[in-house]
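# Coordinate analysis (summary)
Single-letter residue listing:
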Amino acid sequence: MQTQFFAHLRCRECGRLYPKEAIHVCEWDFGPLEAIYDYEAIRRHVSRKRIESRAPTMWRYREFLPLEGEPSVGTQVGFTPLVRSERLAKALGVREAYVKNDTVNYPTLSFKDRVVAISLSRAKEMGFTTVACASTGNLANSVAANAASAGLESYVLIPSDLEASKVLGSLVYGTRVVGIRGPYDKVNRLCSEIAGKYQWAFVNVNLRPYYAEGSKTMGFEIAEQLGWRLPAHTVIPMASGSLLTKIAKSYQEMIDTELVEKAPFAIYGAQATGCNPISDAFRKGTELVQPVPKPQTIAKSLAIGTPADGYYAIQTMRKSGGAAEDASDEELLEGIRLLAETTGIFAETAGGVTVACARKLIASGKIPKDGTVVLCITGHGLKTAEVLTGVLAPPRVIEPSLREFDRLVSSDLAHASIPAKMET
Ligand SMILES: *Cc1c(COP(=O)(O)O)cnc(C)c1O
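About the criteria used
- The residue numbers shown here count from 1 along each chain, following its written sequence.
- Predicted model: local features are reported for residues with pLDDT of at least 70 only, side-chain atom pairs are reported and counted for 80 or more only, and whole-chain, interface and lining totals are derived from all residues.
- Heavy atoms from the whole structure form the basis of all side-chain values; hydrogens and water molecules are not counted.
- UniProt positions are given in the numbering used here, feature names are shortened, and annotations may be inferred rather than shown by experiment.
- We count a stretch as a helix when DSSP gives it H or I for four or more residues in a row; a strand needs E for two or more, and each element gets its number in order from the N terminus.
- The length a helix should cover is 1.5 Å for every residue beyond the first.
- Within 6.5 Å between ring centres, the rings of Phe, Tyr and Trp (the latter by its six-membered ring) count as paired, and their orientation is classed by plane angle as stacked under 30 degrees, edge-to-face over 60, tilted in between.
- To sort residues, take the accessible area from a 1.4 Å probe on protein chains only and compare it with the maximum for the residue type: under 20% means buried, over 50% means exposed, and anything in between is partly exposed.
- A positively charged side chain is recorded as over a ring if its NZ (Lys) or CZ (Arg) lies within 6 Å of the ring centre. The angle to the ring normal must also be within 35 degrees.
- Working rule for contacts: check all heavy atoms of both residues, and any pair within 4.5 Å makes them a contact.

The protein carries the name Threonine synthase in an unreviewed UniProt entry, which gives Methylacidimicrobium tartarophylax as its organism. A UniProt comment under Sequence similarities (unreviewed entry) is attached to the protein, and it reads "Belongs to the threonine synthase family." The record held by UniProt for the protein lists under Cofactor (unreviewed entry) the comment "pyridoxal 5'-phosphate".

Structure (C-alpha cells):
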C-alpha cells in the first residue's frame, strides 16, 4: 500500500537517485540522501477526512513516511497534545502561545520516539536483527525501549558523562549501553566506523534518511491540531538541526498536497549558548557552521558540536523568514520553571532552551507580539531533573501538627508569596 508513494532516495546536493537501501550519503559528492515521494499520488490519495479517521498516532500520516509495508515498531507513537496556554502567552509577551508537548510521547517521553518508530520499522523491513545509534541520551532511550519490545538486539553509544536518568533509561531495557569518553562528535565518528564494519542498522547513520523523516510527524500533528492550518511562528530546538528542517518540510508537504492552505510559516531555531554552532553562524550571516569542539552546557541533549544538518537548518530559517537564538544555562533553567509554572508541563533542558529562546525572540521583535507561536517541547523534565538541584527551594519540613501548619500559612500570607509572582 505504501510502495506507490515512497519512491526512492535522492542526494540533496546533486539530485542523483538511489535505491531504498541502508545508505545515507551520495557516492559522488557526499551529500545527504533524502526520502522522495510521489506527491501527485499522495495528493490524490490523502484527505483531511481520511487522516482524521485513523488512530491518533504518528502513523496517521503514513503516506508521507518512507516505509514499504505496515509499521511494526512504535505503532503507538505520536499524536501528543498541542496545548494552548494564555498564561504562557502572557509570560512570553505574545498574543497566542501553544506548546507541542512531546514530553509525553510514547514510550520514552521525548520526540525521539518518532524517529525511532520509523527507523526500526524500516530496519525490520530490510531484515536487520541488530540496531544501534549514537546518542545524546533520548535517542538511546528510545532505541533501547523500542528494540526491546520488537525483539531486536541493540547497542547504544553515548557520551560517558550523560545525566543519570538518561543512562538508567537505556540500561533498564537490557540493551548494551556503551559510554564513550568524549563529546558526542567523537561518539558519532566512532559509530560511522562501526557501521562500516558491522552489518547493523545504525538509526542515525546508515538509516538516517528514514530516521529523519519521522520528525515530520510533529509538524503534521501541529497543523492538524490547529484545525488544518499552519502556525505563523514555530520555535524548535536544534541539536543536529534535523528536526527543524523536517518540521519545515512537513508544512511544505501539507501545502503541496492541499491538506492546508498556503500560508507563510516562519521557522525559528533554539540552541544552548554553550553549544551554538548553528545560531552563531545564523547571526553572523554565514552558512558555514563552525564546529564547537568542547560543548559546555547543561542542555546535553542539544550538545552536538558538528551538526550534520546545520547548513540546511540555516537555509530553512532564512528562507522562511525566521531566525536563530540561543540561551545560557541560567536562562534555560528559568525557561524550565516558566513553562512549568504557566502550563504544568515539566520539560527537560532542551525545553528550557526553547522557552528561553522564544522569550528572547519575542522581546527582540523577531517574533511579533501580536503573533501566534508554537513551541516544540521535545523531552521530559524528569530525565534531566538533576539540573534543578539547588535551583528550587527545598520543601519546608514541619512536625505533624496543625499549629505548625497554621504558622507556616500565616508566614506565607505575611510574605504574600501565595499570589502568582509571574514576571513578563
Ligand atoms: C535530539 C533532540 C532534539 C533535536 O534533535 P535534532 O538532532 O536537531 O533533530 C531536540 N530536543 C531533544 C530533547 C532531543 O533529544
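Here the focus is the UniProt feature "domain: Tryptophan synthase beta chain-like PALP" (unreviewed entry) in the protein. Under the feature "domain: Tryptophan synthase beta chain-like PALP" (unreviewed entry), the UniProt entry names residues 76–379. The annotated region residues 76–379 carries 45% helix and 16% strand content, and the separation between its end C-alpha atoms amounts to 17 Å.

Helix length check: helix α15 (residues 402–415), at 14 residues, gives a terminal C-alpha distance of 20 Å against a target of 20 Å (1.5 Å per residue), a fit within 8%. Note on α15: the residue one or two positions beyond its end, A416, has a positive phi of about 50 degrees.

Our next topic: the packing of aromatic side chains. As enumerated under the stated definition, the model contains 10 aromatic pairs in all. Between the aromatic rings of F6 and Y37, the centroid separation amounts to 6.0 Å while the plane-to-plane angle is 45 degrees, which identifies the pairing as tilted. Within this pair, whereas F6 is found in strand β1 (residues 6–11), its partner Y37 is found in strand β3 (residues 33–37), the two being separated by 31 residues in sequence. Relative accessible area serves as the criterion here: at 5%, Y37 is assigned to the buried category. An aromatic cluster is built from F6, Y37, Y39 and Y210, whose rings are joined through pairwise contacts. Over the face of the ring belonging to W28 we find R16, whose NZ or CZ atom lies 4.0 Å from the ring centre. The aromatic ring of F6 is capped on one face by K20, whose charged end is 4.7 Å from the ring centroid.

For the rest of this paragraph, the subject is helix α14 (residues 349–363). Counted at 1.5 Å a residue, the expected span for α14 with its 15 residues is 21 Å, and the 21 Å between its end C-alpha atoms agrees. Along α14, 12 of the 15 residues are buried, which leaves the element largely enclosed by surrounding structure. Taken residue by residue, α14 has T349, A350, G351, G352, V353, T354, V355, A356, C357, A358, L361 and I362 as its buried positions. Buried positions along α14 lie against α3 (86–92), β10 (233–237), β11 (266–272), β12 (324–327), α13 (329–343) and β13 (372–377). Positive backbone phi, at 85 degrees, marks G365, one or two positions downstream of α14.

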